[in-house]
Amino acid sequence: MKYTQLGRTGLKVSRLVLGTMNFGPQTDEPTSHSIMDAALGAGLNFFDTANVYGWGENKGRTEEIIGTWFAQGGGRREKTVLATKVYGSMSREGETWPNEDRLSALNIRRAVEASLKRLQTDHIDLYQFHHIDRRTPFEEIWQAVDVLIQQGKILYAGSSNFPGYKIAQANETAARRGGLGLVSEQCLYNLAERRAEMEVIPAAQEYGLGVIPWSPLHGGLLGGVIRKEVEGGRRASGRSAEALASSTVRAQVQAYEDLLDKHGLEPGETALAWLLTRPGVTGPIVGPRTAEQLDSALRALELELGEELLTALDEIFPGPGPSPEAFAW
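Since this is a predicted model, take the numbers as computed values, not measurements. (Residues numbered from 1 in each chain as written. Predicted model: local features only at pLDDT ≥ 70, side-chain atom pairs only at ≥ 80, totals over all residues. Heavy atoms only, no water.)

Draft legend 1. Broad picture of the packing of helix 1 (residues 29-41) against helix 2 (residues 61-70). Viewed as axis vectors pointing N to C, helix 1 and helix 2 meet at an angle of 60°, and their least axial separation amounts to 10 Å. Relative to helix 2, helix 1 is oriented oblique. Considering how the two elements wind past one another, helix 1 and helix 2 form a crossing that is right-handed. Across the interface between the two elements, Glu29, Ser32, His33, Met36, Asp37 and Leu40 of helix 1 pack against Arg61, Ile65, Ile66, Thr68 and Trp69 of helix 2. In terms of residue class, the contact of helix 1 with helix 2 is built from five nonpolar, three polar and three charged. (Axes fitted to C-alpha atoms, helices over the stretch in contact; angles between N-to-C directions. Helix = DSSP H or I, 4+ residues; strand = E, 2+ residues; numbered from the N terminus. Parallel < 35°, antiparallel > 145°, perpendicular 65-115°, else oblique. Left-handed = near helix turned anticlockwise from the far one by under 90°. Contact = heavy atoms within 4.5 Å. Nonpolar A, V, L, I, M, F, W, Y, C, P; charged D, E, K, R; others polar.)

Draft legend 2. Region of the structure containing the pairing of strand 5 (residues 81-86). Across the six residues of strand 5, six count as buried, placing the element largely inside the fold. Of the pairings in the sheet, the one linking strand 4 (residues 46-48) to strand 5 comprises three bridges and is parallel in character. Residue pairing across strands places aspartate 48 opposite alanine 83, the latter belonging to strand 5. Summarising the sheet, strand 5 and strand 6 (residues 124-129) pair through four bridges and their orientation is parallel. Bridge assignment links lysine 85 to a residue of strand 6, and that residue is glutamine 128. Remark: the strand 5/helix 4 (residues 105-119)/strand 6 crossover connection has right-handed handedness. (Buried < 20%, exposed > 50% of the residue type's maximum accessible area, 1.4 Å probe, protein only. Pairing = 2+ DSSP bridges. Right-handed = clockwise from strand over helix to strand, strands pointing away.)

Draft legend 3. The arrangement of unusual backbone geometry in detail. With omega at 5°, the peptide bond leading from serine 323 into proline 324 counts as cis. Relative to the helices and strands, proline 324 resides in the loop between helix 13 (307-316) and helix 14 (325-328). Although it is not a glycine, tryptophan 55 adopts a positive phi angle of roughly 60°. With respect to the helices, strands and loops of the structure, tryptophan 55 is situated in the loop between strand 4 and helix 2. Overall, the relative accessible area of 39% leaves tryptophan 55 in the partly exposed class. You will see that serine 215, though not glycine, has its phi angle at about 55°, which is positive. Inspection of the secondary structure puts serine 215 in the loop between strand 9 (210-214) and helix 8 (225-232).

Draft legend 4. Just the packing of helix 2 against helix 4, in detail. Viewed as axis vectors pointing N to C, helix 2 and helix 4 meet at an angle of 50°, and their least axial separation amounts to 6 Å. Taken together, the axes of helix 2 and helix 4 lie oblique to each other. Between helix 2 and helix 4, the contacting residues are Glu63, Glu64, Ile66, Gly67 and Phe70 on the first element and Ser115, Arg118 and Leu119 on the second. A breakdown of the residues in the contact of helix 2 with helix 4 according to their chemical character gives three nonpolar, two polar and three charged.

Draft legend 5. Up close: the sheet that holds strand 3 (residues 17-19). With respect to topology, eight strands assemble into an open sheet ordered 9-8-7-6-5-4-3-10, the strand pairing being parallel. Only two strands of the sheet have a single neighbouring strand rather than two, namely strand 9 and strand 10 (285-286).

Draft legend 6. A look at the nonpolar core. Phe129, Trp142 and Tyr256 are the most contacted members of the largest nonpolar core, which has 74 residues in total. Those residues in contact with phenylalanine 129 that lie beyond four places of it in its chain are Val86, Leu103, Ile108, Ile141, Trp142, Val145, Ala157, Gly158, Ser159, Ser160, Phe162 and Leu182. Residues Val17, Val81, Ala83 and Leu126 belong to the second largest nonpolar core, which totals twelve residues. (Core = buried A, V, L, I, M, F, W, Y, C linked by side-chain atoms within 4.5 Å.)

What follows is the structure, given as structure tokens:
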């Protein structure tokens with residue numbers, strides 16, 4: 001396993017992040033535990049979750065599955081860098097009540113306590129804001145975070161789905177208060193969706209945040225979706241199906257798969273390996289539903305993409321160009 005620093009911190013994390021969103025909704029508890037054991041056994045030490053995972057009437061279920069895994073002992077908690085998130089409503093359907101979502105000091109305090117209980121741990125290593133809160137000032141958010149850090153309940157704070165100007169606003173406010181501020185940004189970023197390169201990633205680099213891309217295969221679009229349609233009749237769904245409805249996108253994906261066939265490479269592994277070459281990226285989040293999918297993701301760490309291939313990938317999926325020249329001149 002390869003490791004790197006998380007942004008400007010001294011924290012060492014694996015260059016792949018184990019995403020757990022499927023644990024509960026699509027992957028049962030025993031299989032989830034097996035995947036986490038295999039990940040840790042391979043040296044993958046960075047696990048990501050969120051309080052709302054499990055979804056619907058099962059919000060919090062994913063954290064519970066991780067908690068029962070930690071409870072087995074064997075150094076599982078001690079070896080894991082644990083990241084979770086706060087923002088989404090934890091109210092059950094028909095039971096909506098004020099202050100059970102967003103980033104008020106009250107909800108942050110309550111959400112941390114609830115996550116700690118479900119996760120069966122005494123602290124969270126990286127506590128992430130799942131979205132911006134337009135109603136709560138950063139002074140209030142950082143006040144709540146400072147208390148939790150002093151109590152030893154969280155160690156670092158990160159963001160997710162923040163625009164560049166909010167990363168700047170958050171960290172300038174933290175600096176005025178003498179705090180460390182955000183140390184990571186989790187954003188949508190992959191070969192097919194490169195808008196983060198315009199503002200989010202430059203802001204993250206300027207402020208020393210590690211970039212953690214989510215949906216590195218763009219919902220399966222970059223995982224050999226056309227080949228799977230042809231070979232097994234498996235139809236695309238979700239994000240990839242919506243994208244493939246565009247003839248332009250389908251042509252791009254076909255060119256992508258043809259290119260990798262020529263080089264004898266697997267599409268999903270290549271998409272992950274490409275992200276590992278990008279400036280500022282700590283590691284992409286992989287969300288395996290099975291042990292086989294985890295094995296495929298781990299193989300991406302061994303891929304070396306040559307300059308010729310990287311250039312060809314840029315030609316198929318061009319980025320927005322340097323910021324701000326690409327859109328200012």
